[in-house]
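Tertiary structure, described
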Amino acid sequence: MIFKLRYFLIIAVIYLVGCSNDVSNEMSNEELSVSPAMPGGNIPIFDTSNIARKSFYFAGGDYVGDPLVMGGQMYVEIWEPVNPTQEYPIVLFHGNGQTGVDWKQTPDGRPGWAYYLVEQGYTLFMVDYPARGRSAYIPGGVHGDLGIRTVEQLETIWTNVGEKGNFPLDQNHTQWPGTGKRGDPIFDNFIKTQVQFAGESTTLARYAAMELLDTIGQPVILLTHSQGGGVGWGVADGRPDLVRGIVTVEPGGPQIGNVNTAEVAYSGRPANAWGPVNYPLTYDPPVTDPSEIITYLEAEADQPGEVPCYLQEEPARQLVNMSDMRVLAISADGTYHRVFDACIPKWLNQAGVQTDFIRLEDVGISGNGHMMMLELNSDDIIELIHEWIQENLA
């Protein structure tokens, strides 16, 4: 009898403690929702209910220097969706002077492309190139000299091109949020995201990215922007079995020549002698020196404000490691990149890489510049990219 009484008393205490904890938890949640410790309305906070888990990882890297330090490693941020419905993860390569934050938030405080993609069920791998952002830079010449863009440069090429741009379509640029000028809060937010860039950064990124794909261990989709385009071509060539396809947003270019965008003319300075890049790619027949790639210049460009493109003399050598991939290249109608953006897709198609080239105005998306993932209609562009992936890679 005493044993039974003690048993029921213990059960009652456990029940009461549990109820107390429930009430305490409810009170804590209520208090939390109005806690002064929460960020104020002036700090953008986004819903993360579509993200199941997050992590980070450093790909690549090796011991270098004397005394030894670790260098060449690449920071990778991983987002896993609550509903992982997409077969292929997406690995995102940013542009020059940028980091992975470009994919996460716009300077006017809206969710970036990463939130849309994770909502659609993609697992994401977002990098900061070696010697950039959260990936260590080694001073003393190991990673090359550093540069950083100035206010004047940013306004001229990306944010205030209507007033300062000097390329054919500069007056089309209407989608940048705010004035695009120094002192405007949105511009000030944007320039705070701009970081230094080192000479060896993208070379290190190619090798680190190939190690990342080895670690992932299954085919992925590469989403590249600007300088990231040059990283992506090398990764695809180096790991053909691990790249399902590529979406490239105004990749660095053009191939072979170098263009003065103000004059819409080739400058004569040496550029990407191996086609879309300045380092060796795998051609068939093989190429041991870029002088073996015989080219000619088209007689005229496709449209006003664009340069004609260098193409190979037929029979064209084929980029055999990328022949089974599909590529989407997109170009905006308010960007200096439009002057040469048609050329890399032409080169790829001639070299056996099936590539779709979309001028955004042709699908009803207008007013964008080079940093379109940060602009007012950025959601329309990532939706277009998602639809193309579903139709061509899924």
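Residues numbered from 1 in each chain as written. Predicted model: local features only at pLDDT ≥ 70, side-chain atom pairs only at ≥ 80, totals over all residues. Heavy atoms only, no water.

What about helix H5 (residues 185–192)?
Buried within H5 are the following residues: Ile-186, Phe-187 and Phe-190. Angular distribution of buried residues about the axis of H5 spans 95°; they occupy a single face of the element. Turned more than 90 degrees away from the buried face of H5, the exposed residues are Pro-185 and Lys-192. (Buried < 20%, exposed > 50% of the residue type's maximum accessible area, 1.4 Å probe, protein only. Helix = DSSP H or I, 4+ residues; strand = E, 2+ residues; numbered from the N terminus. Arc of directions from axis to C-beta.)

A closer look at helix H9 (residues 378–392)
Look at H9: 21 Å from first C-alpha to last across 15 residues, which is about the 21 Å you get at 1.5 Å a residue. Those residues of H9 that are buried are in contact with strand E5 (90–93), helix H2 (113–119), strand E9 (220–225), strand E10 (243–249), strand E17 (326–331) and strand E18 (354–359). (Expected span 1.5 Å × (residues − 1). Contact = heavy atoms within 4.5 Å.)

Focus on the state of the cysteines
Taken as a whole, this structure holds one disulfide when the rule is applied. A sulfur-sulfur distance of 2.2 Å marks the disulfide that ties Cys-309 to Cys-343. Disulfide Cys-309-Cys-343: torsion about the S-S bond near -80°, hence left-handed. Residue Cys-309 is located in the loop between strand E14 (295–297) and strand E15 (310–312), and its partner Cys-343 is located in helix H8 (residues 343–350); the two are separated by 34 residues in the primary sequence. (Disulfide = S-S within 2.5 Å.)

Some details on a nonpolar patch on the surface
Together, Tyr-63, Leu-68 and Met-70 line one region of the surface with nonpolar side chains, adding up to about 340 Å² of accessible area. Within the fold, Leu-68 resides in the loop between strand E2 (62–64) and strand E3 (69–71). With a relative accessible area of 59%, Leu-68 lands in the exposed category. (Patch = residues over 30% accessible without salt bridge, like charges linked within 9 Å, V, L, I, M, F, W, Y side chains within 5 Å. Areas by Shrake-Rupley, 256 points an atom, 1.4 Å probe, with all protein chains shown as cover. Salt bridge = Lys/Arg side-chain N within 4 Å of Asp/Glu carboxyl O.)

A few points about the pattern of salt bridges
Note on pairing: side chains with opposite charge can pair once their charged atoms come close. Enumeration over the complete set of coordinates arrives at 15 salt bridges. Here Lys-181 ties to Glu-163 by a salt bridge, and the two come within 2.9 Å at their closest N and O atoms. Here Glu-163 lies in helix H4 (residues 161–164) and Lys-181 lies in the loop between H4 and H5, a separation of 18 residues in the sequence. When its relative accessible area of 31% is taken as the criterion, Lys-181 is described as partly exposed. Between Asp-356 and Arg-326 there is a salt bridge whose closest N-O contact spans 2.9 Å. In this pair, Asp-356 sits in strand E18 while Arg-326 sits in strand E17, placing the two residues 30 residues apart along the sequence. Overlapping salt bridges, with partners in common, bring together Glu-298, Asp-302, Glu-306, Lys-346 and Arg-359 in one network.

Here we look at the pairing of E10
Counting buried residues along E10, six of its seven residues qualify, which places the element largely inside the surrounding structure. In this fold, the crossover linking E9 to E10 by way of helix H7 (residues 227–238) has right-handed handedness. The sheet contact formed by E10 and E17 spans five bridges and is parallel. Residue pairing across strands places Val-247 opposite Leu-328, the latter belonging to E17. (Right-handed = clockwise from strand over helix to strand, strands pointing away. Pairing = 2+ DSSP bridges.)

Comments concerning a negative patch on the surface
A surface patch of negative charge is lined by Asp-379, Asp-380, Glu-383, Glu-387 and Glu-391. By the secondary structure assignment, Glu-387 is in helix H9. (Lys, Arg positive; Asp, Glu negative; His and termini not counted. Charge placed at Lys NZ, Arg CZ, Asp CG, Glu CD.)

Considerations on the nonpolar core
Core analysis: the largest hydrophobic core is formed by 46 residues, its most contacted members being Trp-113 and Ile-385. Once you skip the residues sitting within four places of it in the chain, Trp-113 turns out to touch Trp-103, Leu-223, Val-249, Met-372, Met-373, Ser-378, Ile-381, Ile-382 and Ile-385. Formed by 41 residues, the second largest nonpolar core is a distinct cluster that contains Tyr-129, Val-220, Val-231 and Leu-348. (Core = buried A, V, L, I, M, F, W, Y, C linked by side-chain atoms within 4.5 Å.)

A word on unusual backbone geometry
It is generally the case that most residues other than glycine have a negative phi and that most peptide bonds are trans. Cis rather than trans, the peptide bond between Asp-66 and Pro-67 has omega equal to 10°. Residue Pro-285 is reached from Asp-284 by a cis peptide bond, and omega for that bond is -5°. Position of Pro-285 relative to the elements: it lies in the loop between strand E13 (283–284) and E14. For Ala-131, which is not glycine, the phi torsion reads 65° and is therefore positive. Tracing the backbone shows Ala-131 in the loop between strand E6 (124–128) and strand E7 (146–147). Overall, Ala-131 belongs to the buried group, its relative accessible area being 0%. Its identity is not glycine, yet Ser-226 carries a phi of approximately 55°, on the positive side. Structurally, the position occupied by Ser-226 is in the loop between E9 and H7.

Considering the environment of Ala-351
Its location among the elements puts Ala-351 in the loop between H8 and E18. Since its relative accessible area comes to 1%, Ala-351 is described here as buried. For the pair Ala-351 and Val-320, spaced 31 residues apart in sequence, the C-alpha to C-alpha distance is 8.1 Å. For Ala-351, the residues in contact, after removing those within four places along its chain, are Gln-312, Arg-317, Gln-318 and Leu-319.

Things to note about the side chain of Gln-350
With respect to the helices and strands, Gln-350 occurs in helix H8. Assessed through its relative accessible area of 16%, Gln-350 is described here as buried. At 3.0 Å, the side chain of Gln-350 forms a polar contact with the side chain of Glu-314. Discounting chain neighbours no more than four positions away, the residues touching Gln-350 are Leu-311, Gln-312, Glu-314, Ala-316 and Gln-318. (Polar contact = N/O pair within 3.5 Å; in protein donor to acceptor, adjacent residues only side chain to side chain.)

Section: the packing of helix H3 (residues 151–159) against H5
Packing of H3 against H5 leaves a shortest axis separation of 12 Å and a crossing angle of 110°. Compared by their axis directions, H3 and H5 come out roughly perpendicular. Contacts between H3 and H5 involve Val-151, Leu-154, Glu-155, Trp-158 and Thr-159 from the first element and Phe-187, Phe-190 and Ile-191 from the second. For the contact of H3 with H5, the class distribution of residues is six nonpolar, one polar and one charged. (Axes fitted to C-alpha atoms, helices over the stretch in contact; angles between N-to-C directions. Parallel < 35°, antiparallel > 145°, perpendicular 65-115°, else oblique. Nonpolar A, V, L, I, M, F, W, Y, C, P; charged D, E, K, R; others polar.)

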